[in-house]
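# Report on the structure
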Amino acid sequence: MTLLPTTTVGSFPKPPYLLEARRKVARKQMEPGELQELERRATEEWIRRQEEIGLDILVDGEMYRGDMVAFFADQMEGFEIAGLVRSYGNRYYPKPAVVGPVGRKKPVTVEWFTFAQRLTSRPVKGMLTGPYTIAEWSFNEYYPTRRELVLELARAVHEEAVDLERAGARYIQIDEPAIHTRPDEDFELAREAMEIVTRGLSAYTITHVCYGDVPRIYPAMLSLPVNQIDLALKNDDFALLEVFRTPRFTKDIGAGVIDAHSHRVETPEEVADGIRRTLAVIPAAQVYVSPDCGLKTRTLEETVGKLTAMVEGTRIVRRELGS
Amino acid sequence: MITTVVGNYPKIPDPPAPGRWRTGVEKVQRGEWTRAELRRVEDEVTAEILAEQAEAGIDLVTDGQIRWEDGQTYFARALEGFAIGGLQRYFDTNVYYRQPVVRGEVAWRGPITVEDYRFAVAHSPRPVKPVVTGPFTLAVLSRNEYYRTFDDLVVALAAALNQELRALAAAGAALIQVDEPGLLLRRDQFPVFRRAMDVLWNGVAARRALYTYFGHVDGLYPALLDLPIDILGLDFVAGVRNWEVLRRARFTKELGLGILDARNTRMESPEEVAAAVRLAAELVPADSLYVSPSAGLEFLPRRVARRKLEVLVAGVRRAKEGVA
């Protein structure tokens, strides 16, 4: 892999034809099979776009997912969707409720991973939502303690990760944006759950953590059994880097250098500056370049603009490093 | 014994009913709507929610805080001295807010919630209480880049919000609620909290309610009884330990009994509510009880929120029959 590999966090905006089709299926005016055809088309478009932009490690863009938690809950045992709740601003998500023992009925993400990987010679990441986040972003009506629910989910997510690896995934990302919700009370539980998820895997593993009080779980988060921690640095103007000076950041970092929740498209020079600031704290060999978060709330133009700037900005720094 | 709510309420209905507020915000962001057009939708939704609370049988309602993007930025945007920063998690919830950043001297520029309060009173079948986020919580959830110490910021915010409370009282609010869940994150800083409460409530001619939620008040009780307030609202779900804590000293205020889980869809039974009310009546005279969910209901889908209110009312009715 090249120095400063570029990648993204997972989701991309859905094209208008897909949004329209999803609405139609919800109103039962379209067959799910027809929707799936359009999801494949949109996935292929995003694979091509990522190649054209020049990203190194690709994602399938999650054209077939409504929400990162509900997508898994929908296909697993023990959940029902309770209804829409607000997550930020005017953003809502269908929040699941755990109403019985949770478990996996069948592989959840393998088919889409395989489809996307066949479209490209570049590596595509297997994308999972972590057990702590699935538990935390669901209502729990069934398990007496959060611990029981989280560990049960960890076993299910582990099975999924093993299946992804068997299907050829060389990179597996386990998103845990909720991991620092209760830093004192629960971080050890979240770590234990991640250990179950990644046990015995040979793929390169990544966990994505965003927003919230990251300094509260530092340096404890360096004990997470993954190769890389992907973080939102741009959102707080790289203030997090100060925290990573001591003790030293010992994992690889997915450095978020693009604001995923602003309409403004960054310039390549701005991206280069963000990477330089990161390199002042963490050695280049440990740094991957990515946006702060999934980009599904941006428009298509904003997304392409932001990613193009990200790749160009990365190239500027690579040249400076003489690679 | 009065049934009430703690504050916010789901802004959008359950699908397939259209979420007008949600689309309205999107239209404003895209520049297709003016703020005034969104304001009209907020008015409609507020009126609808005032009616919904009354239909469920709640005695003392709020406006549901439909216009608040969250409890922090609604005030920070209107006060002098704040900028709005990056995304932060709101306590241990799945909700994010943009963190207010204190960049200069904090000051009250003019009424923030008074128009909202007037609108709610004019459109509510039931009495309305206005809610204001407290100075301590605002300080805890913001980033201080200006004041030398956290204490200085808290006291400055208390002085600014004191004017808001006075304006609400002048507008006719007979009872004003101040929310201070942030106190439970910084229990060791009770001395400045205490000072802030004196500044905040100074000269406010209304009944004074102070609400905490998301935890227990162990370590703060009975000191909380010394505050210049009439009603103390507590969360008995996330703060189940409050049952035990309250037995350590005679409770001398009126009690906000937050008893239905505002953060879980699991539905309580009226009997559970009645049992909790009976238990509380051993600590506080029954006519000093304000029975409510444990926090604002916006963490729940709309249908579940409404059902919780119905269960609350049914439970209190059952308890009253028992008491009488």
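Coordinates for the structure precede this section.
Residues numbered from 1 in each chain as written. Chains lettered and ligands numbered in written order. Predicted model: local features only at pLDDT ≥ 70, side-chain atom pairs only at ≥ 80, totals over all residues.

In this section: the overall build of chain B. Across its full length, chain B holds 10 helices and 10 strands. Scaling as 2.2 N^0.38, a compact globule of 324 residues should have a C-alpha radius of gyration of about 20 Å, and chain B matches this with 19 Å. C-alpha atoms of chain B, sized along the principal axes, occupy 55 × 50 × 35 Å. Counting only residues that meet the buried cut, chain B has 51% of its 324 residues in that class. Of the contacts made within chain B by residues no fewer than 6 positions apart, 73% connect residues no fewer than 24 positions apart. (Helix = DSSP H or I, 4+ residues; strand = E, 2+ residues; numbered from the N terminus. Rg over C-alpha atoms; globule rule 2.2 N^0.38 Å. Buried ≥ 20, exposed ≤ 12 C-beta atoms within 10 Å, placed from the backbone. Contact = placed C-beta atoms within 7 Å.)

Let us now look at the interface of chain A and chain B. Each side of the interface is counted separately: chain A has 23 residues, and chain B has 24 residues. The set of elements that each furnish at least two residues to the side of chain A that touches chain B consists of β1 (76–88), β2 (91–104) and β4 (139–140) of chain A. Residue contributions to the side of chain A that touches chain B peak at seven residues, all from β1 of chain A. Tallied by class, residues from the side of chain A that touches chain B come to nine nonpolar, nine polar and five charged. (Nonpolar A, V, L, I, M, F, W, Y, C, P; charged D, E, K, R; others polar.)

Take the pairing of strand β9 (residues 254–260) of chain B next. Residue and element names in this part refer to chain B. In terms of burial, β9 is a largely internal element, seven of the seven residues being buried. Sheet topology places strand β8 (residues 231–235) next to β9; five bridges connect them, and they run parallel. The residue of β9 that forms the bridge with D235 is G258. Judged from the five bridges that link them, β9 and strand β10 (residues 289–293) form a sheet pairing that is parallel. By the bridge assignment, G258 is partnered in β10 with S292. With helix α9 (residues 270–280) bridging β9 and the parallel β10, this β-α-β connection has right-handed handedness. (Pairing = 2+ DSSP bridges. Right-handed = clockwise from strand over helix to strand, strands pointing away.)

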